[in-house]
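For reference, the chains in residue letters:
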Amino acid sequence: MSTGSDGKGYSFRQHLHLELDEYDAAIRRFIPGYDEMLGRAAEEVLRRGPQRVLDLGAGTGAMILALVSRSPTVSVEALDLDPEMLELARERLQGWGGRVGYREGSFQGDLPSVDAVTASLALHHIPTLDAKTAVYQNIHRALSEGGVFVSADVTLPSHPSLRGAAYQAWAHHLVENGIPLERAFEHFREWSDEDTYFAAEQELAALRSVGFQAEVAWRNRVSTVVVGVKTVL
């Protein structure tokens, strides 16, 4: 959750008003089915047998841990603009040796050639669908033929009444985790300064427009795993 959409630095601490060491506990209170979402995203990547993976907006390295702990061979590069988050990822992943690399930077420019690209709660910082489609085009170019892109993120319906119901379901998750209902909606308003949530159908259409075969692989309330496969020509 820490890569700015404009290519500038993004501070997790400023955005969520939390210290870095609070992240792991907080994200589970905020995001429905967080651990299951990461696990399903990792499975969608690994079942295609990649060797080189790029994790966009790597944050604390949770997505990377889900990958390397499930595969004895995969290597992952963490890409993030927030140096504090990259340092925390280094600490979390220090036991995985040379299988994890780290790069401070934005996903707006050219990306290295890889077999798979992942993003976990990172791309909702992109404010427009056009800008997100451009990122998807960059990802498509970076992938080898048959490569896979997996995004684990929040999606919300575009229709106002359905969107309102989705927010209610999301708020219920926060309430279940000890956050008062009024504070839950305050969180949503605070996050809206940085976050933009598109409908799953819009995400799929954007991915397909740049050449991916795309589908929703998993969903829990607002948490969604979207998979795009680069078609073999």
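Since this is a predicted model, take the numbers as computed values, not measurements.

Thresholds, definitions, all that
Residues numbered from 1 in each chain as written. Predicted model: local features only at pLDDT ≥ 70, side-chain atom pairs only at ≥ 80, totals over all residues. Heavy atoms only, no water. Phe/Tyr/Trp six-rings, centres within 6.5 Å; stacked < 30°, edge-to-face > 60°. Helix = DSSP H or I, 4+ residues; strand = E, 2+ residues; numbered from the N terminus. Buried < 20%, exposed > 50% of the residue type's maximum accessible area, 1.4 Å probe, protein only. Pairing = 2+ DSSP bridges. Axes fitted to C-alpha atoms, helices over the stretch in contact; angles between N-to-C directions. Contact = heavy atoms within 4.5 Å.

## Regarding the packing of aromatic side chains
At step 1: For the structure on display, the rule yields ten aromatic pairs.
At step 2: Centre to centre, the rings of Tyr136 and Phe149 are 5.5 Å apart; their planes meet at 55 degrees, and the pair counts as tilted. Of the two residues, Tyr136 sits in helix 6 (residues 129-142) while Phe149 sits in strand 5 (residues 143-154), which places them 13 residues apart along the sequence. This pair shows no difference in class: Tyr136 is buried, exactly as Phe149 is.

## A word on the pairing of strand 6 (residues 212-220)
At step 1: With eight bridges connecting them, strand 6 and strand 7 (residues 223-230) associate as antiparallel partners. Residue pairing for strand 7: Asn220 is matched across the bridge by Ser223.
At step 2: Between strand 6 and strand 7, which follow one another and run antiparallel, lie two residues, and Arg221 among them has a positive phi close to 55 degrees.

## Some details on the sheet that holds strand 3 (residues 100-104)
At step 1: Taking strand neighbours across the sheet as the criterion, the seven strands line up as 3-2-1-4-5-7-6 in an open arrangement whose pairing is mixed. This sheet does not close on itself; its edge strands, each paired only once, are strand 3 and strand 6. Between one strand axis and the next, the sheet turns by 15 degrees as a mean value, whatever way the strands run.
At step 2: Sheet topology places strand 4 (residues 114-120) next to strand 5; six bridges connect them, and they run parallel. Bridge pairing in strand 5 links Val114 to Leu143.

## A short note on the side chain of Ser151
At step 1: Tracing the backbone through its elements, the reader meets Ser151 in strand 5.
At step 2: In this structure Ser151 touches Ala119, Thr224, Val225 and Val226, once residues within four positions along its chain are discounted.

## A few points about the environment of Gln213
At step 1: Inspection of the secondary structure assignment puts Gln213 in strand 6.
At step 2: Residues Gln213 and Val227, 14 residues apart in the sequence, show an inter-C-alpha distance of 8.1 Å.
At step 3: Other than its neighbours up to four places away in sequence, Gln213 contacts Val227, Gly228, Val229 and Thr231.

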